[in-house]
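Next come the chains, spelled out residue by residue.
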Amino acid sequence: HGRGDKLVMSFHGVPERTLHQGDPYHCESHKTARLLAERLKLGKEQYLVTFQSRFGKAKWLEPYTEPSLIAMAQAGTRRVDVVCPGFTSDCLETLEEIKQEAREAFLHAGGQQFEYIDCLNDSAPWITALSDIAQRHMQGWPTGREDDAELNARAQHAKAAGAPL
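On a predicted model such as this, the values are computed, not experimentally measured, just so you know.

**Q** Report on the side chain of aspartate 90, specifying residues and quantitative values.
**A** Looking at the element boundaries, aspartate 90 is found in the loop between strand E3 (79-83) and helix H4 (92-108). Lysine 99 is the oppositely charged side chain nearest to the buried, salt-bridge-free aspartate 90, at an N-O distance of 6.5 Å. There is a polar contact of 3.2 Å between the side chain of aspartate 90 and the backbone nitrogen of cysteine 119. Beyond its immediate sequence surroundings of up to four residues, aspartate 90 is in contact with Leu95, Tyr116, Asp118, Cys119 and Asn121.

**Q** Explain the sheet that holds E3 to me, using residue names and the numbers behind them.
**A** The parallel open sheet is built from four strands, whose spatial order is E2-E1-E3-E4. Looking at which strands have only one partner, the edges of the open sheet turn out to be strand E2 (47-52) and strand E4 (113-117). If you compare each strand with its neighbour and ignore which way they point, the axes differ by 25° on average. Sheet topology places strand E1 (residues 6-12) next to E2; six bridges connect them, and they run parallel. In the strand pairing of E2, serine 10 is matched with threonine 50.

**Q** Summarise helix H3 (residues 65-74); cite the residues concerned and give the values.
**A** Quick reminder: α-helices carry 3.6 residues per turn. Residues three or four places apart thus point the same way. Taken together, the buried positions of H3 are occupied by Thr65, Ser68, Leu69, Met72 and Ala73. Buried residues along H3 cover an arc of 135° about the axis, so they all sit on one side. On its buried face, H3 is in contact with E1, E2, E3, H4 and E4. Phi turns positive one or two residues past the end of H3, at glycine 76, with a value near 105°.

**Q** Explain a negative patch on the surface to me, and be specific about the residues and the numbers.
**A** Together, Glu66, Glu96, Glu101 and Glu104 make up a region of like negative charge exposed at the surface. It is H4 that provides the largest number of residues to the negative patch, a total of three residues. Counting through the fold element by element, glutamate 101 comes out in helix H4.

**Q** Can you explain the pattern of salt bridges? Please cite residues and give values.
**A** Scanning the entire structure with this criterion turns up five salt bridges. In this structure, arginine 79 and aspartate 81 form a salt bridge, with 3.3 Å as the shortest nitrogen-oxygen distance. Given a relative accessible area of 11%, arginine 79 falls into the buried group. Overall, the relative accessible area of 9% leaves aspartate 81 in the buried class. Between aspartate 118 and lysine 99 there is a salt bridge; the shortest N-O distance is 4.0 Å.

**Q** How would you summarise the packing of aromatic side chains if you had to cite specific residues and measurements?
**A** In this structure the tally under the stated criterion is three aromatic pairs. Ring centres 6.3 Å apart and planes at 40° place the aromatic pair phenylalanine 11 and phenylalanine 51 in the tilted group. Taken as a pair, phenylalanine 11 in strand E1 and phenylalanine 51 in strand E2 lie far apart in primary sequence, 40 residues in all. For the pair phenylalanine 11 and phenylalanine 51, a shared accessibility class is recorded, and that class is buried.

**Q** Kindly report on the nonpolar core, identifying the contributing residues and their values.
**A** Leu69, Val80, Val82, Ile98 and Phe114 are the most contacted members of the largest nonpolar core, which has 15 residues in total. Elements supplying a minimum of two residues to this core: H3, E3, H4 and E4. Ignoring sequence-local partners within four residues, the contact set of valine 80 consists of Lys6, Leu69, Met72, Phe106, Gln113, Phe114 and Glu115.

**Q** I'd like a description of the packing of H3 against H4, backed by residues and values.
**A** One way to put it is that H3 packs onto H4 with a least axis distance of 8 Å and a crossing angle of 35°. Classified by chirality, the crossing of H4 by H3 is right-handed. Each of Thr65, Glu66, Leu69, Ile70 and Ala73 in H3 lies in contact with H4, whose residues at this interface are Ile98, Glu101, Ala102, Ala105 and Phe106. Taken together, the residues that form the contact of H3 with H4 break down as seven nonpolar, one polar and two charged.

Definitions and limits used
- Residues numbered from 1 in each chain as written.
- Predicted model: local features only at pLDDT ≥ 70, side-chain atom pairs only at ≥ 80, totals over all residues.
- Heavy atoms only, no water.
- Helix = DSSP H or I, 4+ residues; strand = E, 2+ residues; numbered from the N terminus.
- Buried < 20%, exposed > 50% of the residue type's maximum accessible area, 1.4 Å probe, protein only.
- Lys, Arg positive; Asp, Glu negative; His and termini not counted.
- Salt bridge = Lys/Arg side-chain N within 4 Å of Asp/Glu carboxyl O.
- Polar contact = N/O pair within 3.5 Å; in protein donor to acceptor, adjacent residues only side chain to side chain.
- Contact = heavy atoms within 4.5 Å.
- Pairing = 2+ DSSP bridges.
- Axes fitted to C-alpha atoms, helices over the stretch in contact; angles between N-to-C directions.
- Arc of directions from axis to C-beta.
- Patch = residues over 30% accessible without salt bridge, like charges linked within 9 Å, V, L, I, M, F, W, Y side chains within 5 Å.
- Areas by Shrake-Rupley, 256 points an atom, 1.4 Å probe, with all protein chains shown as cover.
- Charge placed at Lys NZ, Arg CZ, Asp CG, Glu CD.
- Phe/Tyr/Trp six-rings, centres within 6.5 Å; stacked < 30°, edge-to-face > 60°.
- Core = buried A, V, L, I, M, F, W, Y, C linked by side-chain atoms within 4.5 Å.
- Left-handed = near helix turned anticlockwise from the far one by under 90°.
- Nonpolar A, V, L, I, M, F, W, Y, C, P; charged D, E, K, R; others polar.

So, in structure tokens, the structure goes:
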């Protein structure tokens, strides 16, 4: 559908206190967005990082996705593309919260077009990449299926050591 006026990269939110306690998630989200924007050849003014899925009384990472989309529409942004790069597959938080509720809020506030970019889901290249990543990070851990005799021997050893089986 071509490019929108702005690409909104919405990451799952967490309480702001996690950032102050040293959790790198906020920085990693921004780095992911920056690297993605570089790959897409987008300037800083062409994309926005936001955070979704907040609840409770605590302050969560900002800017919040839906209020940001409303403000953009009210300021004259006609078309946005929204992607959730922190999610590997679509779920209620991407499909309902973003693709439906955030879309409705943007359009109701005066936006003209809202394009949701699906998560990677079960695309073959993603599943292959995920498998490669998992296997690389599990080096030293057995990744093949053990035979029944080996599993039984391990269970007996654990039981002999006092494990409740």
